[in-house]
Each structure stands twice: as C-alpha cells, then as structure tokens.
Amino acid sequence: AQTVTQSQPEMSVQEAETVTLSCTYDTSESDYYLFWYKQPPSRQMILVIRQEAYKQQNATENRFSVNFQKAAKSFSLKISDSQLGDAAMYFCAYRETSGSRLTFGEGTQLTVNP
Amino acid sequence: ETGVTQSPTHLIKTRGQQVTLRCSSQSGHNTVSWYQQALGQGPQFIFQYYREEENGRGNFPPRFSGLQFPNYSSELNVNALELDDSALYLCASSLSLNSLQETQYFGPGTRLLVL
C-alpha cells in the first residue's frame, strides 16, 4: 500500500521569506501523481500544485514550486515570498494513475509571522 | 460555475444513531469521493462513486455506505455511530476517473460530533 509521510508537524516562516515543506512517499508504481493541498481554518481543501511522476521538470505555480526527486521518493514544497494568507495546514497527497483515490500525509501546520 | 457544497456544516449525534451527509458536486463532475478527517490527521479515503456506481472503497466497515444520484450529487450514510466516527467528512468531485490532468475539488466539509 502507498504511504505518504510528512515529518514536520509544524513549521514557521517570517513574512516575505522562503520555507520548504518536506514529503516522502512509498510506492511500487512507476507512474503516479503527487499533490500539495492547503487547508486553511475554513477547512476547505485547496489544490496548491501537482506533479506527474513521468515529468522530470519540477512543477511551479507562481510563488509555489516543488522539488521532485523520484528515485528518493521525495516531493518537497517551496513557498517563496511567504504571505500571511499562506498560513494553513499543508497536506502532501499521492494518487495512482488509475482511479482518483488520494492518499494523504499527516500534514504540516505552517505559521507565517509578520 | 458552482463549487462543491456539503450539508449540514455541523452535526451532533449520539452513539448508535444513524447519520446522512450530503454533497453536491461541481457542475459537470461525474465522480465523487468521500474522505474522513479525524482531528489533527490527514484525510482518509472512504469510497468513491462514478456515474452512480461505487468505484473503490477504503478500509471502512460496511456501516459506512453511500449513494450517487443521476445529477451526480451524493450521500454518505453512517449507521450505528461510534465515538470514533467524530471527524470532518470531506466530499470531493472530479470530472472523470482517469484523466491525466484530473483535479479533485473539495467541499468545505461536515463536522460530525458523536456523543
């Protein structure tokens, strides 16, 4: 079974600085998808960024980028120029290419200090 | 475009009771997935419905059941509630099953408290 591990329960960053959230996963599949979701106090899960495993190029969405290391099964999220609105719980998630079941990590609570 | 909606937002039940949670999927989406998120944990997959048929189930007992209707809205039913069923229940809809660019859009969730 696939597992997703986020080893940082909490992280903090100063406004305008950069922070990296870690995620590792375990799978025997060669093709799959990886996601970072953000869950603010409003509880609604919001997609931040996604990565297809067959693509070597790291995904980027504005201030958010990933460092995808397939051999190491690592998928970290970098947030640049952190803003107060980035404060939330961040979840790393894995999905097989067949079906839509997401397997989530335990989450990292990000605090942004003014 | 209407997003994913869930009702009710909060619910309090007692042990042994039954509960029904509802989800309206995003316009045009034919796939609905349900997740249980216990406090301080990541969401756990319960099951998924595609075009009114169950299409995959997580490690949850049979007292967790569901339905999907012709308009692709969905219900999650939980019988014989237990204290450990207290959680945030999230519904997510998507356009199809296996699209390479598929994105799951989540609703705001229903917070269930079992006393």
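One can find the structure itself at the top, above this paragraph.
Here the structure is a predicted model, which means the values were calculated and not measured.

A. Focus on the sheet that holds strand E7 (residues 64-68) of chain B. Residues and elements named next belong to chain B. Strands sit in the order E1-E3-E8-E7 across an open sheet of four strands; the sheet is antiparallel. Each edge of the sheet is formed by a strand with only one pairing partner; in this case those strands are strand E1 (5-7) and E7. Each strand of the sheet is rotated relative to its neighbour by a mean of 20°, with strand direction disregarded. Across five bridges, the pairing between strand E3 (residues 19-24) and strand E8 (residues 74-78) is antiparallel. Residue pairing across strands places Cys23 opposite Ser74, the latter belonging to E8.

B. Here's a closer look at the environment of A:Ile79. Residues and elements named next belong to chain A. Structurally, the position occupied by Ile79 is in strand E9 (residues 74-79). A residue is classified by how much of its surface remains accessible, and Ile79, at 0% relative accessible area, is buried. Once residues within four sequence positions are removed from consideration, Ile79 is found in contact with Glu17, Thr18, Val19, Arg63, Phe64, Asp86, Tyr90 and Leu110.

C. Quick look at the state of the cysteines. Per the stated rule, a full pass over the model turns up two disulfides over all chains. Each sulfur of the disulfide joining A:Cys23 and A:Cys92 lies 2.0 Å from the other. Between A:Cys23 and A:Cys92 the disulfide shows an S-S torsion of about -65°. By sign, it is left-handed. Of the two residues, A:Cys23 is situated in the loop between strand E3 (19-21) and strand E4 (24-26) and A:Cys92 in strand E10 (residues 88-96); the sequence distance between them amounts to 69 residues. The disulfide partner of B:Cys23 is B:Cys91, and the S-S distance across this bridge is 1.8 Å. Here the S-S torsion is close to -55°, and the disulfide linking B:Cys23 with B:Cys91 is therefore left-handed. In this pair, B:Cys23 sits in strand E3 while B:Cys91 sits in strand E9 (residues 87-94), placing the two residues 68 residues apart along the sequence. A relative accessible area of 0% places B:Cys91 in the buried class.

So, how was this worked out
- Residues take numbers from 1 onward in each chain, read along the sequence in its written order.
- Here the convention is simple: chains get letters from A, ligands get numbers from 1, in the order in which they are written.
- Reporting of local features is limited, given that this is a predicted model, to residues whose pLDDT is at least 70; pairs of side-chain atoms are given and counted only at 80 or more, and all residues count toward the totals for whole chains, interfaces and linings.
- Water and hydrogen atoms were dropped before computing side-chain values, which therefore reflect all heavy atoms in the structure.
- Paired strands are those between which DSSP finds at least two bridges.
- We count a stretch as a helix when DSSP gives it H or I for four or more residues in a row; a strand needs E for two or more, and each element gets its number in order from the N terminus.
- Axis definition: a line fit to C-alpha positions, over the contact stretch in the case of helices; interaxial angles, taken between N-to-C directions, run 0 to 180 degrees.
- Whether a residue is buried, partly exposed or exposed follows from its accessible area with a 1.4 Å probe, protein chains only, as a fraction of its type maximum: under 20%, in between, or over 50%, in that order.
- It only takes one pair of heavy atoms within 4.5 Å for two residues to be counted as in contact.
- Throughout, a disulfide means two cysteine sulfur atoms within 2.5 Å of one another.

By themselves, these observations are geometric and do not establish any function.
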